[in-house]
Amino acid sequence: MIHVAVDIAKASHTMAAYDERGRVVSPHQSYDHDASGLGALLTDIQRLGPPSEVVVGCEATGHYWLLLYAMVQDAGYTMQVFNPILNGAPTRTTVRGRKSDPDDTIGIARVMREGGFSPVMMPAGNLAELQLLCRHRQFLVNQQVNLKKRLGCHLDLTFPEWSRVVQTWSSPTALHILALAPSAQAIASMDQKKLLEVAHTHSHGRWNLPFVENIMQAAKSSLARIRHSAAEEQAVRNLVALLLQLEAQIDALDQQITALAPAPQVQRLQTIPGIGPVLAAIILAEIVSISRFASPDPRRDRRRNGRGRNGFHRLLAFVGLDPRIRDSGASIGKPRMSKRGNHYLRAAIWRAAYCAHRHEAFLPIYEHHRKHLKQPAKVALSHVARKIVQAIYGVLAYDTDFDLKAFRGVAA
């Protein structure tokens, strides 16, 4: 077997080929990251042998490897993409700290020869589109969070009482009010009927007259009325406009995501407390296939760990919720979450844990860590997240709805 190692970069890629003993079959050569460059790289790969005798490997360096991956796969060759961490240790073992693109190809080929890793699994068809939409949605949500933080800073100067009077201070209804009146002074001078009309329309009747009167009273007695800044008001208007635009884009994405997600599996996942249609779609898009976590020898796993337990731990490690052990000699470190996994999937499961930690399925474990062990809320939530991963594995691996009684009978 010939191992073709490709070191990925933004402008160009370096390729070299080695045999099973690590001897150079084709010396390293650089290719531009364009149509002609990747075409020449693929031609050189094909010269080395047929797909049955050649395997291509690279590190998952950002997004630059995706076009090469598609080209190699379309040509019928297998391309193994793995975490750059696997190639990081060998490059640090030289005394001089030598590192170059040719050296990286040697390390990539070494990782390919030794094996023992799980290559990146790329989704196909609708699932690939679903994954892209879900990740883009996460980007927009992150932008939304940052904009809300910035808006809060400006509101501290234009209407510092806003977040106390309006607990859902950044809700769509609140944003529509701030779009018209971005400061305490503007709200205080606004017509009450107009304010009530805006609040009543966008809240679908939930914001009534006493609530609006409370807002106007707070605005009239606000500390910010002693200092008026047109620049601060303009900043609030701009941030509110961006947030409303993001809200509309996220809502549109949610509709596309729910339409693309495979219905049977989404419905199965929604039986787990804390998981809605969007979170279910994100989880499915990132897991791709639950079978990838199955053990090559299920009988051995059942004998040693119980049915399905080993696969659950593989999924847990993929999420990055597995413990990171730091023990050396007499020093015993405190186990911490590794966070060496799919951060999109981890964020979705963490959100599900936050929504479900008061449900009867997860409340006992949350209270055990929070009240009895006196641990912080984040630590208790991490244990709830672990249990949700267990539930996800059980639902997808055995193609069944979430069963609370069966779930309580299985220990993590």
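Since the structure is predicted, the reported quantities are computational estimates derived from the model, not experimental observations.

Caption draft 1: Region of interest: the overall build of the protein chain. Along its length, the protein chain carries 19 helices and nine strands. Here the protein chain has a C-alpha radius of gyration of 27 Å; the compact-globule value for 412 residues is 22 Å, and the former is much larger. Principal axes of the C-alpha set define a box for the protein chain whose edges measure 80 × 55 × 50 Å. Classification of the 412 residues of the protein chain by burial places 42% in the buried group. Partitioning the intrachain contacts of the protein chain with sequence separation of at least 6 by distance along the chain shows that 62% fall at a separation of at least 24. Approximately 22500 Å² of the protein chain is accessible, and the part contributed by carbon and sulfur atoms is 52%. Of the charged side chains in the protein chain, 50 are positive and 34 negative, and the gap between their average positions amounts to 9 Å.

Caption draft 2: Focus on the packing of aromatic side chains. Per the stated rule, a full pass over the model turns up six aromatic pairs. Centroid distance Phe-402 to Phe-407: 5.1 Å. Interplanar angle 55°. Geometry classified as tilted. Comparing Phe-402 with Phe-407, the two get one shared label, buried. An aromatic cluster of at least three residues, connected via ring pairs, comprises Phe-362, Phe-402 and Phe-407. The residue whose ring lies beneath Arg-292 is Phe-318, and the NZ or CZ to ring-centre distance is 4.7 Å. Across the ring face of Phe-407, the terminal group of Lys-387 is positioned such that the distance to the ring centre comes to 4.9 Å.

Caption draft 3: Broad picture of the side chain of Thr-173. Along the polypeptide, Thr-173 turns up in helix 7 (residues 172-180). By relative accessible area, which is 6% here, Thr-173 ends up buried. The contact partners of Thr-173, leaving out residues within four places of it in the chain, are Ala-199, His-202, Ser-203 and Trp-207.

Caption draft 4: Broad picture of unusual backbone geometry. One non-glycine residue with positive phi stands out, namely His-204, at about 60°. In this structure, His-204 sits in the loop between helix 9 (192-202) and helix 10 (209-220). The backbone of Val-288 sits at a positive phi, close to 70°, despite the residue not being glycine. Along the polypeptide, Val-288 turns up in the loop between helix 13 (277-287) and helix 14 (298-305).

Caption draft 5: Expanded view of a positive patch on the surface. Taken together, the side chains of Arg-324, Lys-334, Arg-336 and Arg-340 define a basic patch exposed on the protein surface. Relative to the assigned elements, Arg-324 resides in strand 6 (residues 323-324).

Caption draft 6: Quick look at empty space enclosed by the protein. Applying the stated criterion to the full structure yields two cavities of 30 Å³ or more. In this structure, the largest cavity spans a volume of roughly 50 Å³. Thr-158, Ser-183, Ala-184, Gln-185, Ala-224, Arg-227, His-228, Ser-229 and Glu-233 are the residues that line the largest cavity. In this structure, the second largest cavity spans a volume of roughly 30 Å³. Around the second largest cavity sit Cys-134, Arg-135, Gln-138, Ile-282, Glu-286 and Tyr-344, which together line it. For the lining of the second largest cavity, the elements supplying multiple residues, two or more each, are helix 5 (126-158) and helix 13. Tallying contributions element by element places helix 5 first for the lining of the second largest cavity, with three residues.

Caption draft 7: Quick look at the confidence of the model for the protein chain. Confidence along the protein chain averages 86 in pLDDT terms, with 90% of residues attaining 70 or more. The lowest-confidence element of the protein chain is helix 14, averaging 49 in pLDDT; the highest-confidence one is helix 11 (residues 230-260), averaging 95. In this model residues 303-308 is a low-confidence stretch, pLDDT under 50, and it forms six contacts with partners more than four residues away in sequence or in other chains.

Criteria and thresholds
Residues numbered from 1 in each chain as written. Predicted model: local features only at pLDDT ≥ 70, side-chain atom pairs only at ≥ 80, totals over all residues. Heavy atoms only, no water. Helix = DSSP H or I, 4+ residues; strand = E, 2+ residues; numbered from the N terminus. Rg over C-alpha atoms; globule rule 2.2 N^0.38 Å. Buried < 20%, exposed > 50% of the residue type's maximum accessible area, 1.4 Å probe, protein only. Contact = heavy atoms within 4.5 Å. Areas by Shrake-Rupley, 256 points an atom, 1.4 Å probe, with all protein chains shown as cover. Lys, Arg positive; Asp, Glu negative; His and termini not counted. Charge placed at Lys NZ, Arg CZ, Asp CG, Glu CD. Phe/Tyr/Trp six-rings, centres within 6.5 Å; stacked < 30°, edge-to-face > 60°. Lys NZ or Arg CZ within 6 Å of the ring centre and 35° of its normal. Patch = residues over 30% accessible without salt bridge, like charges linked within 9 Å, V, L, I, M, F, W, Y side chains within 5 Å. Salt bridge = Lys/Arg side-chain N within 4 Å of Asp/Glu carboxyl O. 1 Å grid on protein atoms, 1.4 Å probe; cavity = no way out; pocket = protein on both sides within 12 Å on 5 of 7 lines; lining within 4 Å. Points joined across faces, edges and corners; volume = space filled by probe spheres on them. pLDDT = per-residue confidence, 0-100.

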